Amino acid sequence: KDRAELQALLQVTGLDGKSRSYRVGEGDPYEVISSAAQETMSDLAIIGTHGRTGIAKVLLGSVAERVLYKLDTDILAVPPKKTG
C-alpha cells in the first residue's frame, strides 16, 4: 500500500520519470531514515515536518528535529503548506 501511494504521489507531481531511489521501511522513524541515508551514502535527505509547536511537540516528539540534529548529511526540512 505505501509503495503504491508513493508511486501515485510521484506520478501526480510529475516526478515518476526521474531517476531516484526510495524505500519504505518499518520501525523507529529516525532509525529507518538514518539507516537508509547511510546505506545509500546520500548527499541530501528531504524530510517533511508537521509544524507542531508547544505542548504537542513536547508530547509527540519530533522526528524531523531528531534527524536535523543527528543525521550526518545535508537535510532539507519542508514544513506543511500554510492554509488560510
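Our subject is the structure that appears above.
Described below are features of the structure shown in this document.

Conventions adopted
Residues numbered from 1 in each chain as written. Predicted model: local features only at pLDDT ≥ 70, side-chain atom pairs only at ≥ 80, totals over all residues. Heavy atoms only, no water. Helix = DSSP H or I, 4+ residues; strand = E, 2+ residues; numbered from the N terminus. Contact = heavy atoms within 4.5 Å. Areas by Shrake-Rupley, 256 points an atom, 1.4 Å probe, with all protein chains shown as cover. Polar contact = N/O pair within 3.5 Å; in protein donor to acceptor, adjacent residues only side chain to side chain. Salt bridge = Lys/Arg side-chain N within 4 Å of Asp/Glu carboxyl O. Buried < 20%, exposed > 50% of the residue type's maximum accessible area, 1.4 Å probe, protein only.

Structural notes on the overall build of the protein chain
Piece 1. Scanning the protein chain for helices and strands turns up four helices and two strands.
Piece 2. In sequence order, the secondary structure elements of the protein chain are arranged as α-α-β-α-α-β.
Piece 3. In the protein chain, the proportion of contacts linking residues at least 24 apart, taken out of those at least 6 apart, comes to 59%.
Piece 4. On the protein chain, roughly 7,000 Å² of surface is accessible, and the fraction owed to carbon and sulfur atoms is 54%.

A look at the side chain of Thr-73
Piece 1. Relative to the helices and strands, Thr-73 is located in the loop between helix 4 (63-70) and strand 2 (74-78).
Piece 2. At a separation of 3.0 Å, a polar atom in the side chain of Thr-73 contacts the main-chain carbonyl oxygen of Ser-42.
Piece 3. When sequence neighbours within four positions are dropped, the list of residues in contact with Thr-73 reads Ser-42, Asp-43, Leu-44 and Ala-45.

Concerning the pattern of salt bridges
Close approach of charged atoms allows side chains of opposite charge to pair.
Piece 1. Enumeration according to the criterion identifies two salt bridges in this entry.
Piece 2. A salt bridge links Arg-66 to Asp-28, with the shortest nitrogen-to-oxygen separation between them at 3.3 Å. Taken together, the residues span a long stretch of sequence, with Arg-66 in helix 4 and Asp-28 in the loop between helix 1 (2-12) and helix 2 (29-40) at a distance of 38 residues.
Piece 3. According to the relative accessible area criterion, Arg-66 is partly exposed, its value standing at 31%.
Piece 4. Under the relative-accessibility criterion, Asp-28 is labelled partly exposed at 36%.
Piece 5. Look at the salt bridges and you will find they share partners, linking Asp-28, Glu-31 and Arg-66 into a network.

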